[in-house]
Amino acid sequence: MVSRVIPVDSFDLVVFGGTGDLARRKILPGLYRRFLAGQMTAESRIIGAARADLTEEAYRAMVGEAIDEFVPKDRRDAAVIAEFLARIGYVSIDAKGSAGWDVLRDKMRPNVVRAFYFSVAPALFGDIAERLHSNQIADAWSRIVVEKPFGRDLASAKALNAVLASHFNEGQIYRIDHYLGKETVQNLMAVRFANILFEPLWKSEYIDHVQITVAETVDVSGRGAYYDKSGAMRDMVQNHMMQLLCLIAMEPPYHFDPDAVRDEKLKVIRALEPVKPEDIVRGQYLGAKGEAGYVQHSENPASRTESYIALKVNIANWRWKGTPFYLRTGKKMRARASEIAITFKEPPHSIFDDAKGWKENVLVIRLQPNEGMELMMMIKEPGPGGMRLMQVPLDMAFADALGVEAEDVPDAYERLIMDVIRGNQTLFMRGDEVEAAWAWTDPIIQGWEARGERPQSYDAGSSGPEDALMLMHRDGRRWREIKE
Ligand code: NAP
């Protein structure tokens, strides 16, 4: 099956930070792939902006190198790349200065969608927003895209929201959480709300608990100093994992409409109970076999920042009272795997004398790798000798089911940038959502800081600290194995 590509309106997209890591790795190669797929109209243009004094030729050469490096060989077509590069311009601009803005203004065309991607440090958001306005580059229809981290606590998130709000209305602000652009994450909504099968069971009466795992094998080397000021709670839980939790826990929105969806997510965040200290486990990876550990990577021997966190989260509403959500994420783990596992309760009565083989039904939604879904079911073990039960998976890898090569599925950034051009905010976080998430996160972080807690060590390549296992065992449950 070939996925349908609907071209978006003609646009001018300015990428502030157009020479940076994110632009080179994700934004520019992603735009090339959309161009290759025929989604970007031929007249659309991309303008890089950064302080570096580059000619347009030099910038195009840099973008060409980024495509060579980050787009797989079989998706690189020299003629298409040349056509794509012809649509690229560059302006040297210091976000804090006054030079270059008139050049940028003169490059912008009338009557096309204007989008401005702030792929720069958040400290520059205010400067850029203000100059886009004072130089009359942005208009009431322009859109801005801002990257995480959106604040490091409630106060800084509020300040960022206020800075942006002084120049743009909420309908113009696209706060990226690239997790929301993943195919499987959107599929969560399709699975829940386009099937009658699950929704009647989707509550504490039938669901024992939910596990959300985002395990990474990478360490923090290269960005240790940055990460050390953040940690797993700020870097992953407050944003990505919170979004996953919301999509699992939210009520059906009245319509698949940006504000209807975001209203429901916000209600979930507001219903989160404060997390008790005993329901939090933080960890820091040790170096394995002569490799550096977290403290060496962070260059802070006294660091108390967590590279791993596990939490038991309760949602205080009718649907979820009594069904905990266990969240865990970490660096330098055994395998790279992200999944959501929904474990159902036991049937109320077993008609089988020997229920030894019995295990719970589990619905597993795999976000990466090998995006897909698995439903663990009980069947009869084949063969004579009476009724014995065994658990088998109903397994659906999306790539197999849809006949689409993984390479052809747009990556999260590609999808989200096209949504910006379309003016669809469903997969972007609203300001009040971000603030509510920080309002829940802040006391958790303040709590362990006030208690002076140090994270526990865990071995690189393991499943995390011992106490994380206890967090589940204590409740008579166990984590699913982390495997690719
Ligand atoms: P980066 O590699 O350090 O790039 C920063 C970019 O900003 C460069 O193009 C730099 O070019 C430009 N810049 C810096 N100061 C400027 C100024 N005063 N005026 C105009 N341009 C300026 O950073 P990055 O990794 O691409 O990250 C960009 C943003 O995305 C950050 O907010 C980051 O937190 C976020 N983010 C990044 C990733 C990632 O994977 N990299 C993932 C999620 C979020 P010049 O020095 O030439 O000006």
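One can find the structure itself at the top, above this paragraph.
Residues numbered from 1 in each chain as written. Predicted model: local features only at pLDDT ≥ 70, side-chain atom pairs only at ≥ 80, totals over all residues. Heavy atoms only, no water.

S.K.: Would you mind going over the overall build of the chain in detail, with residue names and values included?
M.R.: Each helix and strand counted, the chain has 15 helices and 15 strands in total. Against the 2.2 N^0.38 benchmark of 23 Å for 484 residues, the chain shows a C-alpha radius of gyration of 24 Å, consistent with a compact globule. C-alpha atoms of the chain, sized along the principal axes, occupy 80 × 55 × 50 Å. For the chain, with 484 residues in total, the buried portion stands at 52%. If you take every contact in the chain between residues at least 6 apart in sequence, the share linking residues at least 24 apart comes to 76%. (Helix = DSSP H or I, 4+ residues; strand = E, 2+ residues; numbered from the N terminus. Rg over C-alpha atoms; globule rule 2.2 N^0.38 Å. Buried < 20%, exposed > 50% of the residue type's maximum accessible area, 1.4 Å probe, protein only. Contact = heavy atoms within 4.5 Å.)

S.K.: Account for the sheet that holds strand β8 (residues 280-286), naming residues and giving values.
M.R.: Across the sheet, 9 strands lie side by side as β14-β13-β12-β11-β7-β10-β9-β8-β15; this open sheet has mixed pairing. Since the sheet does not close on itself, it has two edges, and those belong to β14 (389-397) and β15 (456-459), each with one partner. Strand-to-strand twist in this sheet, taken as the mean axis angle between neighbours without regard to direction, amounts to 20°. (Pairing = 2+ DSSP bridges. Axes fitted to C-alpha atoms, helices over the stretch in contact; angles between N-to-C directions.)

S.K.: Kindly report on helix α5 (residues 125-134), identifying the contributing residues and their values.
M.R.: Of the residues making up α5, those classed as buried are F125, D127, I128, A129, R131 and L132. Structurally, α5 contributes buried residues whose contacts are with β1 (11-16), α4 (101-107), β4 (113-118), β5 (143-146) and α6 (154-165).

S.K.: I'd like a description of the packing of aromatic side chains, backed by residues and values.
M.R.: Scanning all chains against the criterion turns up 14 aromatic pairs. Ring geometry for F16 against W101: centres 5.7 Å apart, planes inclined by 35°, an arrangement best described as tilted. Of this pair, F16 sits in strand β1 while W101 sits in helix α4, and the two are 85 residues apart along the sequence. The class of F16 is buried, set by a relative accessible area of 3%. The class for W101 is buried, based on a relative accessible area of 0%. Relative to F84, the ring of F35 lies with its centre 5.7 Å away and its plane at 50°, an arrangement referred to as tilted. Placement of the pair is F35 in helix α1 (residues 21-36) and F84 in helix α3 (residues 78-85), with a sequence separation of 49 residues. Residue F35 is classed as buried on the basis of its relative accessible area, which comes to 8%. Of the aromatic side chains, those joined through ring pairs into one cluster are Y227, Y285, Y294, Y308 and Y458. For the cation-ring pair, R175 lies above F150, with the distance from its terminal atom to the ring centre recorded as 5.0 Å. (Phe/Tyr/Trp six-rings, centres within 6.5 Å; stacked < 30°, edge-to-face > 60°. Lys NZ or Arg CZ within 6 Å of the ring centre and 35° of its normal.)

S.K.: Any chance you could break down the pattern of salt bridges for me, citing the residues and the numbers?
M.R.: Evaluation of the coordinates by the stated rule reveals 43 salt bridges. Note that R415 and E183 form a salt bridge whose closest N and O atoms lie 2.4 Å from each other. Of this pair, R415 sits in helix α13 (residues 412-422) while E183 sits in helix α7 (residues 183-193), and the two are 232 residues apart along the sequence. Among the residues examined, R415 registers a relative accessible area of 16% and is labelled buried. Relative accessible area serves as the criterion here: at 27%, E183 is assigned to the partly exposed category. (Salt bridge = Lys/Arg side-chain N within 4 Å of Asp/Glu carboxyl O.)

Treat this as a map of the structure, not an account of what it does.
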